[in-house]
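Structural overview
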Amino acid sequence: MADSDRFALTQPRWTHIALPTGDLAKAIAFYTELTPLVVVAQFEDDAGESAWLSNAQQTETPFVLVLVSFKETAGGQLGLLKPFAHIGIEMPSRSDVDSIADRAREMGVLHWEPQYVNEQVGYVCALRDPDGNTIEFSHGQRVYELVRKLWDSR
């Protein structure tokens, strides 16, 4: 079976979130250094430039963060996801959350100290990207577990 057949669209799907950024290079550096995301494509046109980031090798259910820097707003801090609105990233262990918090603290971008919230939320911390957006890192947050259990039981 060809890959195009394997990934043929048969129903609507969740694909990306797009965020404006005042400095695309700084935003790319933040996300590629502090999250599991890698740049999968970059584009430029008369209006500005953009980058698509996703988890490396994620082919079954890719999700893309689109960062867009428009020429007319370049240089500004354009964060939309604050103070609580956020992008969530699940980490394999609590120590991974602590490690990212340590790195973020050193860089001056830690927004929430690591903490256990409850059984649903798990152990979390949050960072601020160069535009002020909140990026949450969690362990034991049962988002995937709940969704998989729901669909696997049908």
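Notes on the structure follow. Sequence order as written defines residue numbering, which begins from 1 separately in each chain. pLDDT decides what is reported in this predicted model: residues at 70 or higher carry local features, side-chain atom pairs at 80 or more are listed and counted, and totals for whole chains, interfaces and linings draw on all residues regardless. To obtain the side-chain values, all non-hydrogen atoms of the structure were included, while hydrogens and water were left out.

**A few points about the overall build of the protein chain**
Every helix listed is a DSSP run of H or I at least four residues long, and every strand listed is a run of E at least two residues long, numbered separately from the N terminus. For the protein chain, the helix and strand inventory stands at four helices and eight strands. The C-alpha extent of the protein chain, read off along each of the three principal axes, is 50 × 45 × 20 Å. In the protein chain, which comprises 154 residues, the share counted as buried stands at 34%. Contacts between residues were defined by any pair of non-hydrogen atoms, one from each residue, lying within 4.5 Å. Residue pairs in contact within the protein chain that sit at least 24 positions apart in sequence constitute 52% of those at least 6 positions apart. Only the protein chains shown count as cover for residues, and the accessible areas themselves come from Shrake-Rupley with a 1.4 Å probe. Looking at the protein chain as shown, the accessible area adds up to about 9900 Å², and 54% of this sits on carbon and sulfur atoms. The charge count treats Lys and Arg as positive and Asp and Glu as negative. His and the chain ends do not count. Lys charges are placed at NZ, Arg charges at CZ, Asp charges at CG and Glu charges at CD. In the protein chain, which carries 13 positive and 22 negative side-chain charges, the distance between the mean positions of the two groups comes to 6 Å. Accessibility here uses a 1.4 Å probe with only protein chains present; expressed as a share of the type maximum, an area under 20% marks a residue as buried, one over 50% as exposed, and anything in between as partly exposed.

**Considering the sheet that holds strand S6 (residues 110-116)**
A pair of strands is labelled paired if DSSP reports no fewer than 2 bridges between them. Strand order in the open sheet made by the four strands is S5-S8-S7-S6, with mixed pairing throughout. The strands lining the two open edges of the sheet, one partner per strand, are strand S5 (86-90) and S6. Strand-to-strand twist of the sheet, defined as the mean angle between neighbouring strand axes without regard to direction, takes the value 15°. Inspection of the sheet shows S5 paired to strand S8 (residues 134-139) by five bridges, in the parallel sense. Its bridge partner lying in S8, Glu90 is registered against Ser138. To define axes, lines are fitted to C-alpha atoms, for helices over the stretch in contact only, and angles between the resulting N-to-C directions are given on a 0 to 180 degree scale. Sheet strands in contact with helix H3 (residues 94-107) are S6, strand S7 (123-128) and S8, and its direction is about 25° off that of S7.

**What about a negative patch on the surface?**
Patch construction takes residues with relative accessible area above 30% that form no salt bridge. Like charges are linked within 9 Å, and nonpolar side chains (Val, Leu, Ile, Met, Phe, Trp, Tyr) are linked within 5 Å. Salt bridges are identified by distance alone: a Lys or Arg side-chain nitrogen within 4 Å of an Asp or Glu carboxyl oxygen. Taken together, the side chains of Asp23, Glu44, Asp45, Asp46 and Glu49 present a region of like negative charge at the surface. Topologically, Glu44 is positioned in strand S2 (residues 37-45).

**With respect to the pattern of salt bridges**
One pass over the full model with this rule turns up four salt bridges. Ionic pairing is found between Arg105 and Asp102, a salt bridge with its closest N-O pair at 2.9 Å. Highlighted residues: Arg105 and Asp102, both in helix H3, separated by three residues, approximately one helical turn. Overall, Arg105 belongs to the partly exposed group, its relative accessible area being 38%. Owing to a relative accessible area of 39%, Asp102 belongs among the partly exposed residues under this scheme.

**Some points on H3**
Spacing of three or four residues puts side chains on the same side of an α-helix, whose turn is 3.6 residues. Between its terminal C-alpha atoms H3 stretches 20 Å, which fits the 20 Å expected from 14 residues at 1.5 Å a residue. Buried residues along H3 sit in contact with helix H2 (24-34), S6, S7 and S8. Phi turns positive, to about 75°, at Gly108, one or two residues after H3. Working rule for helices: expected span equals 1.5 Å times residues minus one.

**A look at a nonpolar patch on the surface**
Side chains of Val143, Tyr144, Leu146, Val147, Leu150 and Trp151 sit close together on the surface and give an oily, nonpolar patch of about 590 Å² of accessible area. Mapped onto the elements of the fold, Leu146 is located in helix H4 (residues 143-152). Residue Leu146 is classed as exposed on the basis of its relative accessible area of 58%.

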